[in-house]
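Now for the letters of each chain:
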Amino acid sequence: MKELQRLQTFRHIVSNKFQIYNSLFMTLPYDKMSNIAMLLPFLYQESEQGFPKGETPTEIIDNFFEDHTEIRSEEKKIDLLFRMIQYIERQVVLFDSIEDAAFPKIADKSAIGTISRLYQMASEKGKLQEVKDKLKDFSVRVVFTAHPTQFYTNNVQKILQELRSAIKDDSVTRIDILLQQLGLTPFVSNEKPTPYDEAKSIIYYLRNVYYDSLGELCTDIKDLFGEEVTNENNQVIQLGFWPGGDRDGNPFVKASTTEKVAKELNITILKCYYNHVKELKKKITFRGVDKKIEKLSDKLYNHIFLEKGSISSKELIDGFTEIKNEIIEKHNSLYAKDLDAFIDRVKLFGTHFATLDIRQDSRVHLNIIEKIFKKEFNVDYNSLSKEEKIEYLTNRSIQINPNDYDEEIIKDTLENVLQLKEIQQRNGEKGVHRYIISNSETIFDVLHVYALFKYTGYTDDNINFDIIPLFETIKGLSAAEKTTDELYKLPIYSKHLKRRNNNQTIMLGFSDGTKDAGYVKANWEIYETKELLTKIANQNGIKVIFFDGRGGPPARGGGKTHQFYESQGDTIANHQIQLTIQGQTITSVYGTKEQSYYNFEQLLTAGVNNAVFKDQKIQLTQEERTLLDELAELSYQKYSELKAHDKFVPYLEKMSTLKYYGKTNIGSRPSKRGKSDKLSFADLRAIPFVGSWSLLKQNVPGYYGFGTAISKLKEAGRLDEVKELFRNSTFFKTLVQNSMMSMTKTYFPLTFYMREDKEFGEFWNLLYNEFLLSKEMMLEISGYKDLMDDEPISKASVDLRERIVLPLLTIQQYALQKIQEKTKFKNEYEKMVMRCLFGNINASRNSA
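The following paragraphs examine the structure supplied in this document. (Residues numbered from 1 in each chain as written. Predicted model: local features only at pLDDT ≥ 70, side-chain atom pairs only at ≥ 80, totals over all residues. Heavy atoms only, no water.)

**Some words on the overall build of the protein chain**
Here comes step 1: A count of helical and extended segments in the protein chain gives 34 helices and nine strands.
Here comes step 2: Rg of the C-alpha trace for the protein chain: 27 Å, near the compact-globule value of 29 Å for 848 residues, within the 12% margin.
Here comes step 3: Per-residue burial over the protein chain gives 62% buried out of 848 residues.
Here comes step 4: For the protein chain, restricting intrachain contacts to residue pairs at least 6 apart in sequence, the fraction spanning at least 24 positions comes to 82%.
Here comes step 5: Element-wise, carbon and sulfur atoms account for 48% of the exposed surface of the protein chain, whose accessible area totals about 32,800 Å².
Here comes step 6: Here the protein chain holds 116 positive side-chain charges and 119 negative ones, and the gap between their average locations is 3 Å. (Helix = DSSP H or I, 4+ residues; strand = E, 2+ residues; numbered from the N terminus. Rg over C-alpha atoms; globule rule 2.2 N^0.38 Å. Buried < 20%, exposed > 50% of the residue type's maximum accessible area, 1.4 Å probe, protein only. Contact = heavy atoms within 4.5 Å. Areas by Shrake-Rupley, 256 points an atom, 1.4 Å probe, with all protein chains shown as cover. Lys, Arg positive; Asp, Glu negative; His and termini not counted. Charge placed at Lys NZ, Arg CZ, Asp CG, Glu CD.)

**Describing the pairing of strand 2 (residues 237–241)**
Here comes step 1: Here strand 2 lies mainly inside the structure; five of its five residues are buried.
Here comes step 2: Of the two faces of strand 2, the one holding I237, L239 and F241 and the one holding Q238 and G240 are both buried throughout.
Here comes step 3: By the bridge criterion, five bridges tie strand 1 (residues 139–145) to strand 2 in an arrangement that is parallel. Considered in strand 2, the bridge of V140 is made with I237.
Here comes step 4: As paired strands, strand 2 and strand 3 (residues 355–356) are joined by two bridges and run parallel to one another. Its bridge partner being in strand 3, G240 is matched across the sheet by T355. (Pairing = 2+ DSSP bridges.)

**Details of the pairing of strand 8 (residues 543–549)**
Here comes step 1: Along strand 8, six of the seven residues are buried, which leaves the element largely enclosed by surrounding structure.
Here comes step 2: Bridge analysis of strand 7 (residues 503–509) against strand 8 gives seven bridges, and the strand direction is parallel. Bridging from a neighbouring strand, N503 pairs with K543 of strand 8.
Here comes step 3: The pairing of strand 8 with strand 9 (residues 576–582) spans two bridges and is classified as parallel. Bridge pairing in strand 9 links D548 to L579.

**Considerations on the sheet that holds strand 6 (residues 466–471)**
Here comes step 1: Spatially, 3-2-1-9-8-7-6-5-4 is the arrangement adopted by the nine strands of the open sheet, whose pairing is parallel. Two strands in the sheet have a free side with no partner beyond their single neighbour: strand 3 and strand 4 (358–361).

**Observations regarding the pattern of salt bridges**
Here comes step 1: Applying the stated criterion across every chain, the model contains 58 salt bridges.
Here comes step 2: The network of salt bridges with shared partners includes K222, K324, D340 and D344. (Salt bridge = Lys/Arg side-chain N within 4 Å of Asp/Glu carboxyl O.)

**A closer look at helix 9 (residues 195–225)**
Here comes step 1: Along helix 9, the helix axis deviates most sharply at Y210, where the bend reaches about 50°.
Here comes step 2: At the C-terminal side of helix 9, G226 shows a positive phi close to 100°. (Bend = angle between axes of the 7 residues up to and from the residue.)

**Some points on a nonpolar patch on the surface**
Here comes step 1: Residues Y301, F305 and L306 make up a contiguous nonpolar surface patch of roughly 280 Å² in combined accessible area.
Here comes step 2: Along the chain, L306 falls in the loop between helix 11 (289–305) and helix 12 (313–330). (Patch = residues over 30% accessible without salt bridge, like charges linked within 9 Å, V, L, I, M, F, W, Y side chains within 5 Å.)

**Here's the deal with the environment of P469**
Here comes step 1: Here P469 lies in strand 6.
Here comes step 2: Each C-alpha atom, one on P469 and one on I443, is 8.9 Å from the other, the two residues being 26 residues apart in sequence.

**Notes on the packing of aromatic side chains**
Here comes step 1: Inspection of every chain in the model, using the stated rule, returns 50 aromatic pairs.
Here comes step 2: Arranged with centres 5.1 Å apart and planes meeting at 80°, the rings of F373 and F377 form a pair that is edge-to-face. Within this pair, F373 and its partner F377 are both found in helix 14 (residues 362–377), separated by four residues, close to a single helical turn. For the pair F373 and F377, one class covers both residues: buried.
Here comes step 3: Ring geometry for F373 and Y392: centres 5.2 Å apart, planes at 50°, overall tilted. One end of the pair, F373, is in helix 14; the other, Y392, is in helix 15 (residues 386–395), and 19 residues separate them in sequence.
Here comes step 4: Linked through ring pairs, Y211, Y273, F320, F342, F349 and F353 together constitute an aromatic cluster.
Here comes step 5: One Lys or Arg, R396, reaches over the ring of Y392 and ends 4.1 Å from the middle of that ring.
Here comes step 6: One residue, K647, lies across the ring of F760, its end atom 5.9 Å from the ring centre. (Phe/Tyr/Trp six-rings, centres within 6.5 Å; stacked < 30°, edge-to-face > 60°. Lys NZ or Arg CZ within 6 Å of the ring centre and 35° of its normal.)

**Remarks on a negative patch on the surface**
Here comes step 1: A cluster of acidic side chains, namely E59, D62, E66 and D67, defines a negative patch on the protein surface.
Here comes step 2: Assignment of secondary structure puts E59 in helix 3 (residues 57–68).

**Description of the side chain of Q568**
Here comes step 1: Looking at where Q568 falls in the secondary structure, it is placed in the loop between helix 22 (561–566) and strand 9.
Here comes step 2: What makes Q568 buried here is its relative accessible area of 6%.
Here comes step 3: Side chain to side chain, Q568 and K530 meet in a polar contact 3.1 Å long.
Here comes step 4: If we ignore the near neighbours within four places in the chain, the residues touching Q568 are Y527, K530, N610 and I618. (Polar contact = N/O pair within 3.5 Å; in protein donor to acceptor, adjacent residues only side chain to side chain.)

**A few points about the nonpolar core**
Here comes step 1: Formed by 192 residues in total, the largest nonpolar core has its most connected members in F241 and F320.
Here comes step 2: A per-element tally of this core places helix 9 first, with 15 residues.
Here comes step 3: The contacts of F320, once residues within four sequence positions are left out, are V277, L280, I293, L296, L339, F342 and I343.
Here comes step 4: One finds Y21, I78, I85 and Y152 within the second-largest nonpolar core, a separate group that totals 74 residues. (Core = buried A, V, L, I, M, F, W, Y, C linked by side-chain atoms within 4.5 Å.)

**Focus: the packing of helix 5 (residues 115–124) against helix 9**
Here comes step 1: Between helix 5 and helix 9, whose axes approach to 10 Å, the crossing angle comes to 15°. Overall, the two elements helix 5 and helix 9 adopt an arrangement that is roughly parallel. Considering only the axes of helix 5 and helix 9, their crossing is right-handed. Contacts between helix 5 and helix 9 involve I115, S116, L118 and Y119 from the former and L217, D220, I221, L224 and F225 from the latter.
Here comes step 2: Taken together, the residues that form the contact of helix 5 with helix 9 break down as seven nonpolar, one polar and one charged. (Axes fitted to C-alpha atoms, helices over the stretch in contact; angles between N-to-C directions. Parallel < 35°, antiparallel > 145°, perpendicular 65-115°, else oblique. Left-handed = near helix turned anticlockwise from the far one by under 90°. Nonpolar A, V, L, I, M, F, W, Y, C, P; charged D, E, K, R; others polar.)

Here it is as structure tokens:
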């Protein structure tokens, strides 16, 4: 009943408001756009009716121009289509703003997952102390990454913020003005953003959203569960930051970028404190105390604006705690809670705001080590035995001068390692203390990084860094158990871990895992790998912390994230929840104060509920494990056959938007690894790979092989076993529901015309048949009448978004067809494809 009421609320304050405010576009004074609002419904109608009949995008667009306009020249048609794209982009922004503004009224704040409900449950069941004890040993770390699926300029972000506020207030006048402003404000930069630009784009959210929302959440946790559960040494909420530190994700990131971003993070949080203190000064006007606040305010000002002196988080905490105590003692505790709120933020954000992570590919490190050994030791690294390599990498200390190396990647890497200690001095150790190694497969991938610290002047005792292997391929995941066990038993690394409180963080890559092995196999492989790594860590007295590399859609580890963590049993370490969020997920799930508060607390309570209120459905029986093994293997076989198909990569190259990701101005990094002109599967980055399937409305990585696996068991008369697994296993149910989300956003009629294609028709039919089979099988095991049956609000949101962007998808597919015709307007049509990327990506909110 409650879900039905929430659905009615959604229709009233989202669907209806969109129809009302969308009508304002018709009256706005946009240049050359006065007739777009009247023409767009006709293009939608032509698309909705034409695609299911197998009409090509070209036929649909031609029919639209023939039946509804008098335009006949190709130049004018192109001009109108571009204006339609701009119009739909703004419709998407309007819908986003309306839905975001409605969030506080739609979200079920009394449901399990809120901290107030956690407190209530703990009190009722006599488990309050257990919850408090768990909170002392638990935290959530969300790490922001800058991947090319978030491209709004700061100007557009500011308009979005104002538009949400106006919609909340139902201020038609303000909305009208803001929509005018939106129409005249460029959505896309003429130039590619630099890595620093991307960092500033995410810092915008730190300053304007998370400073308040997470500050309030930490204060509320402290008020409910006591001050002992959250303090400077045990922050239940932590933030991480990749823009400016992630070299593997973006080869354009240099040592100078890292320094610049670290400084920006430091200055930004101090500006937040300075503005907060200005507000406190208006309230705390008591004799003597006001001078103390003024002194601290001046120190902040001098550091920020005059670059004179420095100030530490300890100095701020001690200073304002002294002021608070004096107010309690002498001034009736007036505004003491306001001071508490400020102190809580300083404990949370320190002088770093978010921890800047460093990441690089293991193969790059190997190349650097080989060159260092040749130059510094006159030794061929690859000719050494395993024992000799370990001795050189762990026991040799030298002071390399980066300028002695001509190769840019070596020089820059060494300069970056050298400067990290300086960043720690300014931002605090929490400012940068994690070095992540992509594509890790052996102990040497970790030891190479340890050696880089020792070769640049660090002693063993002052390597104040967590060295984090990232296992992301099936080969890496399979080797993870052996790799970590060897590391733990290595004396010098064991001593290093003791200096790091015997904590070892291990990152697991969902994105590349799914790309490599398919949806079911990757998720089950990661689950089992976590179990093995937990067991090995426990045997060695190590507290293992898992860091999940997740993207937006289910195919990259997104979807029902907090349900995923609730579904992990006792066999997986549950000390922290760490995950990456990026692109659209930042704006759509964590983009407003209300959303970020709600979703952070959902993650936090998921981990606590898992530990304290154990649900038997999360403990897998041996029979269930065997069944999951079979499903994973069967789906992997089917997916592997698809990957091995000779049309797999050519299909993406010729029929999708894949090659246009790298040409857009929405991200600074290349869309593929390697420098070869020829595209290989291995070089494909996960984001354009998954995103291209999404923009084809086929979403293949989110379900392919799942239907076949279930069908094979059905043929063997074992479907009831799978149904039972869906009912009894939270993990499997979450896996199925996430896959259903991928399929809900699938629309094969968009590409029905491809089924007769001479080159790709057979391949397209493989995809379509597996989609139909997967949908049929999942509905059968779940008992649902339709996909996402149990999530009516999410489904309603998806349906509305799909309606908005259907004309945009038509235009994009039309442009792709025109490019293949070798038209003289190829350049214009390529720009059209790229421009359509923006609105389509934003509308789906978790396409990549």
